[in-house]
Amino acid sequence: MRWLDLFDDLEAQLAAQVAVDQEELTAEITLAESARLHLLERVGRGDLVRVALSSGVVVEGVVVDAGRGWAVVDAAPRDVLVAAGGIEWLEGARRADPGRDSVARRVGLGHVLRGLAEREVDVVVGTRAFDVVGVVLRTGADHVDVVGERGRVTSVPWDAIVSVLLS
C-alpha cells in the first residue's frame, strides 16, 4: 500500500462523513425552525388559501396581508380578516419565508382593531355563534367594544373573535 492511496482513502471517508453530518444537521435545523412557526406565519401576501372558521363559514381567496394572529383574505366580493383563534383548519399554508412581510408580521389583532376605532369604521365582528354589528369604539387588554346603531356597547373578548368584515 502506498501512503498516497491511504491518504486519498481517508480523505474520501472524511468527506463522506462530513456530507452525512451536514444533511443531518440541515434536517434538524429545519425541524426546529418549523416547530417555532405559528400557523398564520406560514401564509403571506398572494397566497391562495381556504380557511374553515369555527363559525361554520369557509373563506376562500388570496391573502392580502397577515400579522400576528390574523390574516386578511380577499374573498370576493369583500375582504375578511380572519383571527387565528377562530380557525378550524387552513389549506394553502406553506413553508414561510422568514423575511417576508416582516413589518406586518409584528402587528397584532389589537393594533388592527385600534386602527379601526381611530377611523370609526363600520364592522361586523364575527364570533362562533353571533355577529356583532357596529363601529369599533375602543379596545381593551382582552376585548373590543363595538357600539351598535342603538348606541349600546357590546364587548367581545379577543378569544371569541373569529372574523371581522368592513361593512
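Refer to the structure printed above.
How each quantity is defined
- Residues numbered from 1 in each chain as written.
- Predicted model: local features only at pLDDT ≥ 70, side-chain atom pairs only at ≥ 80, totals over all residues.
- Heavy atoms only, no water.
- Helix = DSSP H or I, 4+ residues; strand = E, 2+ residues; numbered from the N terminus.
- Buried < 20%, exposed > 50% of the residue type's maximum accessible area, 1.4 Å probe, protein only.
- Pairing = 2+ DSSP bridges.
- Axes fitted to C-alpha atoms, helices over the stretch in contact; angles between N-to-C directions.
- Contact = heavy atoms within 4.5 Å.
- Salt bridge = Lys/Arg side-chain N within 4 Å of Asp/Glu carboxyl O.

Engineer: I keep staring at the environment of Arg68 and nothing clicks. Help me out?
Structural biologist: With respect to the secondary-structure elements, Arg68 resides in the loop between β2 (58-67) and β3 (70-75). The exposed category is assigned to Arg68, whose relative accessible area is 55%. Separated by 40 residues in the primary sequence, Arg68 and Gly108 have C-alpha atoms spaced 4.6 Å apart.

Engineer: Could you clarify how one ought to interpret the sheet that holds strand β4 (residues 78-83) in this entry?
Structural biologist: Strand pairing in a sheet relies on backbone hydrogen bonds, with the paired strands running either antiparallel or parallel. Read across the open sheet, the ten strands follow the order β5-β1-β2-β3-β4-β10-β6-β7-β8-β9; overall the sheet is antiparallel. Pairing within the sheet leaves two strands with one partner each, and these edge strands are β5 (87-91) and β9 (153-157). When the angles between neighbouring strand axes are averaged without regard to direction, this sheet yields 40°. Across four bridges, strand β6 (residues 122-126) lies against strand β10 (residues 163-166) in antiparallel orientation. Within β10, the position partnered with Val125 by the bridge is Val164. Across the sheet, helix α3 (residues 109-119) lies against β3, β4, β6, β7 (131-139), β8 (143-147) and β10, angled at about 90° from β7, the strand it touches most.

Engineer: Would you mind showing me how to read α3 here?
Structural biologist: Given 3.6 residues to a turn, an α-helix orients residues that are three or four positions apart in the same direction. Residues of α3 that are buried include every one of Leu109, Gly110, Leu113, Gly115, Leu116 and Ala117, and no others. The inward-facing, buried residues of α3 contact β3, β4, β6, β7, β8 and β10. Backbone geometry just after α3 places Glu120 at a positive phi near 50°.

Engineer: What's the story with the pattern of salt bridges in this structure? I'm lost.
Structural biologist: Two side chains that carry opposite charge are able to pair once their charged atoms sit near each other. On inspection of all chains with the given rule, the structure shows five salt bridges. The partner of Glu60 in a salt bridge is Arg50, with the nearest N and O atoms 3.8 Å apart. Of this pair, Glu60 sits in strand β2 while Arg50 is found in strand β1 (residues 48-53), placing the two residues ten residues apart along the sequence. Take Arg50: its relative accessible area is 32%, and that puts it in the partly exposed class. Between Arg119 and Glu118 there is a salt bridge; the shortest N-O distance is 3.9 Å. Here the two residues Arg119 and Glu118 agree in accessibility, since each one is exposed. Taken together, the shared-partner salt bridges connect Arg50, Glu60 and Glu91 into one network.

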